[in-house]
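# Structural features, examined
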Amino acid sequence: MEMNTWNILLVDDEVDFITTLAERLELRGVEARVVHDGESALKAVSDNVPQVMVLDVMMPGMKGIDVLQRVKAEHPDVRVILLTGQGKTRDGIEGMRHGAFAYLTKPLDLEELLRTISEAISSPEGTTHA
Amino acid sequence: MKKILSGPMDAIKADLATEITSPDRYKLLRRKIVSLMALVTLLPLLSLAAINYYEHQSSMSAEIQAPLRALVGKAKHSFELFLAERTSAVSFIASAYSFDELSDDANLQRIFQVMRREFTGFVDLGLIDTAGNQLSYAGPYDLKDRNYTSQDWFHQVQFKGTYISDVFLGFRKFPHVVIAVRHTTESGQSWILRATLDTMHFDRIISAMGLEPGSDAFLVNRNGVLQTESRRYGTVLDMLPFSLPPTNFESNVQGIRDPDQRDIYIASAFIADSDFALVAIKPKPTVFSTWYTVRLDLLVIFVLGVSFIFIAVYRLTSVLINRLQESDEQRLGAIHQMEHSQKLSSIGRLAAGVAHEINNPLAIINEKAGLMRDIMNLRPDFPDKEKFARQIEAILRSVDRCRGITHRMLGFAKRMDVKIEVLDVNAVLEETLGFLEREAQYRNVELKRELSQNLPNIATDHGQIQQVFLNILNNALAAVPDGGRIVLSTWNVDDHYIAISIEDNGCGMSDETAKNMFEPFFTTKKEKGTGLGMSITYGIVKRLGGEIKVKSKLNEGTTMTILLPKHPVEG
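What comes next concerns the included structure. (Residues numbered from 1 in each chain as written. Chains lettered and ligands numbered in written order. Predicted model: local features only at pLDDT ≥ 70, side-chain atom pairs only at ≥ 80, totals over all residues. Heavy atoms only, no water.)

Before going further, it helps to spend a moment on the overall build of chain A. When helices and strands are tallied, chain A shows 5 helices and 5 strands. Counting from the amino terminus, chain A carries its helices and strands in the arrangement β-α-β-α-β-α-β-α-β-α. A burial count over chain A gives 48% of its 130 residues as buried. Across chain A, contacts joining residues at least 24 apart in sequence account for 61% of those joining residues at least 6 apart. Accessible surface, chain A as shown: approximately 6,000 Å² in total, 48% of it carbon and sulfur. (Helix = DSSP H or I, 4+ residues; strand = E, 2+ residues; numbered from the N terminus. Buried < 20%, exposed > 50% of the residue type's maximum accessible area, 1.4 Å probe, protein only. Contact = heavy atoms within 4.5 Å. Areas by Shrake-Rupley, 256 points an atom, 1.4 Å probe, with all protein chains shown as cover.)

Spelled out as structure tokens, the structure:
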């Protein structure tokens, strides 16, 4: 599948981080919607179900894990890649248990993110990425 | 006793309560305990010795006094008998013969001869009328017609009937005693019969007392004038140089000090019907010569006993103090270790917080710099494009470095769950060496293995023990120069531990560095190190129930030795 047809949703309360990330993805031909909190993320998902959601675990208000559970409950097809802080491996592992596709730690390696997104999109339903 | 002991006891309690780390504290404590224990043990001993001395002295003095008293009593009796016999003889002659018979010189001479035969000691005999004239006389001197009215004894005998004089020289110029008896007939006629006694017999009675050398015995009158010769205090009619202690007719012993400052026992008793007192003297040193001999033996035993107690007390105290010192050191060590763990734990929490907070801005820097690079790569060349590219690369490298640091800080903070498995430590070492072999080869560093082939497998955490080896090997590799050498050894210590040592011939450490090397954030690698490696290593080894020791000499090398338990430690 071509990268420019991917439907990606980026969710992080760190505006500077997530908008810059979106911009960098755009430069690589990946269009991505950006929201900054859990509620907006749920709304964006119900408006247009993404293929992949890149979700920050630590957010004010609704936590990343809660968003993940709600999204997976309604749209099990959505692949969710969690972003965790360093040393928060446990959060990532917990996310995997709740159906996340993979977890990556911040600061991100963009190439790794792109690779993971690509794997998520091309992976058969129900599989996770170690 | 309580009061005597309360002083030192309080001082010792105060010392124990005060935390003084100087070695003087133990010296002071040792001195105080030795003094106190010596006091406690010696006090009863000294009291016993004092009581023994007192009791012995009392019994010895009683033992000495009784024979002396008996001796004086016996001699006094002899004197009384002697005088009573002589007085009775004179009295009998005065009453058995008539005045006319006695006034005849030839008759008196005959009576005197008979009297001398029966009773020793008589010197002469004379008849004196109430006017004091000597009417007849039998004896060696020419005393006939002598008048005695002016003499005191004449008036005394007129008044008392019987009289025994003090010793005096008189007309005869040698010591003698007069016995005078007044006789009155039924018709009222009175006369006095007067006999003189030689005092030589007194000396005989005294010498019959069998006095020991140094002892003395003599007669003295109520005025303190010697009536017989004394061995020590003068001759007949001299004044006794000290006053007689209170004396009565019963023999009585007292201890006094004589004018020559000698301690003496003096026994005295008055002799009935006379003015004489018999006195016997025994010097105390003679009395206690046996005691002194015994006392010397006792003294030797006492001194030996005291020395033994002192040595025992000193040795015992030394053992106690050493134990105390050891336990104090252990306590201090435990406190330091606890402080160290607490410090590690607080620093860990702090590090986790810091790493976390830094990660978000770091992620932003990373993305921004990444975006800058992306944009720049898409643009055609522009002035200084390469320079900008270099700056961006520097920013991204710094982000990577920061990521590395926060990663290690989080690693330090992470509560490592121990996962115990039975493993071969030699194999773990080999595996770890595999990570470093390339660098060692490149730098021509020799990695020498002296691994025990009989090393038993131990139950420990694979990942953590590997981190320990890696940290130490990394340090060793950093310390050795190119072409240096690192020796790895393993061996079986005892039933409970195995040991692993990593020895390098690198730059070594100063004492100061060796002391601080396990402190968090202590580093000698400047910007290259976080100062957490050895601190983490220490924490892991401790958590696994092991010990880590460092031996290092500046410019010679360092040996790190790790002891690991063969079986996992509880807690």
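To continue, consider the pattern of salt bridges. Two side chains that carry opposite charge are able to pair once their charged atoms sit near each other. Residues and elements named next belong to chain B. One pass over the structure, following the stated rule, counts 25 salt bridges over all chains. We note a salt bridge from Arg-373 to Glu-393, for which the minimum N-O separation is 3.2 Å. Pair noted here: Arg-373 is in helix H8 (residues 289-378) and Glu-393 is in helix H9 (residues 385-413), with a separation of 20 residues, a long-range link. With relative accessibility at 27%, the residue Arg-373 sits in the partly exposed group. Residue class for Glu-393 comes out partly exposed when judged on its relative accessible area of 31%. Close ionic contact of Asp-400 with Arg-403 constitutes a salt bridge, the shortest N to O distance being 2.8 Å. You can see Asp-400 and its partner Arg-403 sitting in helix H9, 3 residues apart, about one turn around the helix. (Salt bridge = Lys/Arg side-chain N within 4 Å of Asp/Glu carboxyl O.)

Residues and elements named next belong to chain B. Judged by nonpolar contacts, the single largest core of 44 residues is most densely connected at Leu-193 and Phe-202. The element contributing the most residues to this core is helix H2 (residues 23-96), with 10 residues. Excluding residues that lie within four positions of it along the chain, Phe-202 makes contacts with Phe-79, Phe-82, Leu-83, Val-167, Val-177, Leu-219, Thr-228 and Phe-276. (Core = buried A, V, L, I, M, F, W, Y, C linked by side-chain atoms within 4.5 Å.)

Moving on, we get to the interface of chain B and chain A. Taken together, the contact between chain B and chain A spans 20 residues of the former and 17 residues of the latter. The junction of chain B with chain A conceals about 1,700 Å² of combined surface from both sides, 57% of it contributed by carbon and sulfur atoms. Together, His-356, Glu-367 and Leu-371 of chain B form the three largest contributors to the area buried by chain B at its contact with chain A, with a combined 31%. Inspection of the chain B/chain A interface yields 4 salt bridges. One salt bridge connects Arg-24 of chain A with Asp-374 of chain B, and the closest N-O pair in it is separated by 2.8 Å. For the side of chain B that touches chain A, the secondary structure elements donating two or more residues are H8 and H9 of chain B. (Buried area = accessible area lost by both parts, 1.4 Å probe.)

Another aspect to go through is a nonpolar patch on the surface. All names here are of chain B. A cluster of nonpolar side chains, contributed by Leu-296, Leu-299, Val-300, Val-303 and Leu-304, occupies part of the molecular surface with about 480 Å² of accessible area. Mapped onto the elements, Leu-296 comes out in helix H8. Judged by its relative accessible area of 54%, Leu-296 falls in the exposed class. (Patch = residues over 30% accessible without salt bridge, like charges linked within 9 Å, V, L, I, M, F, W, Y side chains within 5 Å.)

So, on to the packing of aromatic side chains. All names here are of chain B. Overall, the coordinates contain 11 aromatic pairs over all chains when judged by the stated rule. Plain terms: the ring middles of Phe-518 and Tyr-538 are 5.0 Å apart, the flat faces sit at 35° to each other, and that makes the pair tilted. With Phe-518 in the loop between helix H12 (511-516) and helix H13 (533-543) and Tyr-538 in helix H13, the pair connects residues that are 20 residues apart, well separated along the chain. Comparing Phe-518 with Tyr-538, the two get one shared label, buried. (Phe/Tyr/Trp six-rings, centres within 6.5 Å; stacked < 30°, edge-to-face > 60°.)

Next up on the list: the pairing of strand E7 (residues 252-257) of chain B. Residues and elements named next belong to chain B. Relative to strand E8 (residues 263-270), E7 is paired through 6 bridges, and the arrangement is antiparallel. In the sheet register, Gly-255 faces E8, and the bridge partner there is Tyr-265. Linking E7 back to E8 in an antiparallel pair, the connection comprises 5 residues, with Gln-261 at a positive phi of about 65°. (Pairing = 2+ DSSP bridges.)

So, on to the sheet that holds strand E16 (residues 557-565) of chain B. Residue and element names in this part refer to chain B. Read from one edge to the other, the open sheet built from 5 strands follows the order E11-E13-E14-E16-E15, with strand pairing classed as mixed. Pairing within the sheet leaves two strands with one partner each, and these edge strands are strand E11 (446-451) and strand E15 (547-553). The average undirected angle you get between the axes of adjacent strands in this sheet is 10°. Pairing analysis gives 6 bridges linking E11 to strand E13 (residues 485-492), with the strands arranged parallel. For Lys-448, the partnering residue across the bridge sits in E13 and is Val-487. The strands touched by helix H11 (residues 462-479) are E13, strand E14 (497-504), E15 and E16; relative to E14, the strand with the most contacts, the crossing angle is about 20°. Packed onto the sheet, H13 meets E15 and E16 and runs at close to 140° relative to E15. (Axes fitted to C-alpha atoms, helices over the stretch in contact; angles between N-to-C directions.)

The subject of this paragraph is the environment of Asn-48 of chain A. Residues and elements named next belong to chain A. One can find Asn-48 in the loop between helix H2 (38-47) and strand E3 (52-56). What makes Asn-48 partly exposed here is its relative accessible area of 36%. Taking the C-alpha atoms as reference points, Asn-48 and Leu-9, separated by 39 residues in sequence, lie 9.6 Å from one another. Side-chain polar atoms of Asn-48 contact the side chain of Asn-7, separated by 3.1 Å. (Polar contact = N/O pair within 3.5 Å; in protein donor to acceptor, adjacent residues only side chain to side chain.)

Let's shift gears to unusual backbone geometry. The residue after Lys-106 of chain A, namely Pro-107 of chain A, is reached through a cis peptide bond having omega -10°. As for its position among the elements, Pro-107 of chain A is in the loop between strand E5 (102-105) and helix H5 (110-122). Its identity as a non-glycine residue notwithstanding, Asp-384 of chain B has a phi of 65°, on the positive side. If you trace the backbone, Asp-384 of chain B turns up in the loop between H8 and H9. The phi dihedral of Asn-555 of chain B is positive, around 70°, even though this residue is not glycine. Structurally, the position occupied by Asn-555 of chain B is in the loop between E15 and E16.

This part takes up the packing of H2 of chain A against helix H3 (residues 64-74) of chain A. All names here are of chain A. Interaxial distance between H2 and H3 falls to 10 Å at its minimum, and their mutual angle equals 15°. Considered as vectors, H2 and H3 are oriented roughly parallel to each other. Relative to H3, H2 is oriented so that their crossing is right-handed. Taking contact as the criterion, the partners of Gly-38, Ala-41, Leu-42 and Val-45 in H2 are, on H3, Val-67, Arg-70 and Val-71. Class assignment of the residues belonging to the contact of H2 with H3 gives a composition of 5 nonpolar, 1 polar and 1 charged. (Parallel < 35°, antiparallel > 145°, perpendicular 65-115°, else oblique. Left-handed = near helix turned anticlockwise from the far one by under 90°. Nonpolar A, V, L, I, M, F, W, Y, C, P; charged D, E, K, R; others polar.)

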